[in-house]
Amino acid sequence: MAALKLKTVTRTQGNNLALKDGSVRPLGFELDFEEVPVLIDAFRRMVRGLEYDVCEMALTTYVCARAYGTRFTALPIFLVRAFHHGAIVVNADIRHPKDLQGRRVGVNRGWTVTTGLWARSILQHQYGVDLTKITWVLSGDEHVAEYRAPPYVQTLEPGRKMADLVVSGELAGAIGVDIDAPNVRPLIPDAAQAGLDALRLRGHYPINHLVVVRDELLAAHPDLAPALFEAFAESKRRYVARLRAGAIAQPTTIDETHRAVMDMTGADPLPYGLAPNRRVLEEALAAAVEQGIIPRAPALEELFAHNTHHLAA
């Protein structure tokens, strides 16, 4: 019997390379990759139209979409992790994170963007900032069309540019916006080290992206979720082995972050499965509730395909 072909989107990166070049394949299935130059466009198309069978997806977008009944389910394959201490830039008159209270602060794209979730959680839990005392200003709308942000969140007026408003001081700062100006600086000095320190001291190692599959496919093919998990895991193992051996010829910033985490912990920098990631996933769900993205935190098992709960790699 021919393998079932699955329309798939995932960004080409170290841990997915063996899947994209075909040297690793899920048993009984074929991944038919579609290249989407701007990955967030694929998130939106999946959330609003279920356009793919298998799709890389931002964690917070997924959690929000599930709260509104979107018919896809995640696999505990965590493709992208990052530290977000460096995502916050501010005008020069901001000296301390709490100085943002009472001011307007920009957020790139929507309130449910995962980088924004983690950056705001850092402000709240590591620096004592009251998020509700800031007026947050969004530059775009949400992937999940039904979602409505909290009352202290606004949308940027049409025609205005967030970077310009930070430079002028009309916005005290912004999350997820690159700005090259002499009076704009990172809020948290030496952000890369601050992220590693948060991992060492608090176990804070944020997840950004996972994998989702259309529910009707999971129901029709009970072996699909484990097969996909194992294929993604094997591709990741090969990447980590190359990383550990120093065999990546031109490492990216992402590769360097994975290597730094591996050097600090001695462990796989990209663990897949619920068990090794329960703490950080529960941290993300708690932040999503605190920030008004979901009304309640579901049990993790509700969010992941039932026959992947025991898997780890």
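Residues numbered from 1 in each chain as written. Predicted model: local features only at pLDDT ≥ 70, side-chain atom pairs only at ≥ 80, totals over all residues. Heavy atoms only, no water.

Peer 1: What should I look at first to understand the pairing of strand E6 (residues 104-107) in this one?
Peer 2: It is a general feature of regular strands that their side chains alternate between the two faces of the sheet. Examined bridge by bridge, E6 and strand E7 (residues 135-138) share 4 bridges and lie parallel to one another. Residue pairing in the sheet places glycine 106 in a bridge with valine 137 of E7. In this region the chain leaves E6, passes through helix H4 (residues 114-127) and returns to the parallel neighbour E7; the handedness of that crossover is right-handed. One ladder, built from 3 bridges, connects E6 with strand E9 (residues 173-175); its direction is parallel. Paired with valine 107 across the strands is isoleucine 175, a residue of E9. (Pairing = 2+ DSSP bridges. Helix = DSSP H or I, 4+ residues; strand = E, 2+ residues; numbered from the N terminus. Right-handed = clockwise from strand over helix to strand, strands pointing away.)

Peer 1: In this structure, what is going on with the side chain of glutamate 56? I would like to understand it.
Peer 2: Examined against the element boundaries, glutamate 56 turns out to sit in strand E3 (residues 54-58). Buried charge without a salt bridge: glutamate 56, with arginine 11 as the nearest opposite-charge side chain at an N-O distance of 4.1 Å. For glutamate 56, the side chain forms a polar contact with the side chain of threonine 10, separated by 2.8 Å. Filtering out sequence-adjacent residues up to four positions away, glutamate 56 remains in contact with Val9, Thr10, Arg11, Asn16, Leu39, Phe43, Leu79, Val80, His209 and Leu210. (Buried < 20%, exposed > 50% of the residue type's maximum accessible area, 1.4 Å probe, protein only. Lys, Arg positive; Asp, Glu negative; His and termini not counted. Salt bridge = Lys/Arg side-chain N within 4 Å of Asp/Glu carboxyl O. Polar contact = N/O pair within 3.5 Å; in protein donor to acceptor, adjacent residues only side chain to side chain. Contact = heavy atoms within 4.5 Å.)

Peer 1: How should the packing of aromatic side chains be read in this particular structure?
Peer 2: Any pair of aromatic rings gets described here by the distance separating the centres and the angle formed by the planes. Following the criterion strictly, the structure yields 5 aromatic pairs and no others. Ring geometry for phenylalanine 78 versus phenylalanine 304: centroids 6.0 Å apart, planes at 80°, classification edge-to-face. With phenylalanine 78 in strand E4 (residues 72-81) and phenylalanine 304 in the segment after helix H11 (300-303), the pair connects residues that are 226 residues apart, well separated along the chain. For phenylalanine 78, a relative accessible area of 0% puts it in the buried group. Look at phenylalanine 304 and you get buried, because its relative accessible area is 3%. Consider the rings of tryptophan 111 and tyrosine 152, whose centres lie 6.0 Å apart with planes at 80°: the pair is edge-to-face. One end of the pair, tryptophan 111, is in the loop between E6 and H4; the other, tyrosine 152, is in the loop between E7 and strand E8 (153-155), and 41 residues separate them in sequence. In this structure tryptophan 111 comes out as buried when scored by relative accessible area, which is 0%. Taken together, Trp111, Trp136 and Tyr152 form an aromatic cluster joined through their ring pairs. Of note, lysine 20 hangs over the ring of phenylalanine 33, and the distance from its end group to the ring centre comes to 5.2 Å. Positioned above the aromatic ring of tyrosine 205, the side-chain terminus of arginine 81 is 4.2 Å from the ring centre. (Phe/Tyr/Trp six-rings, centres within 6.5 Å; stacked < 30°, edge-to-face > 60°. Lys NZ or Arg CZ within 6 Å of the ring centre and 35° of its normal.)

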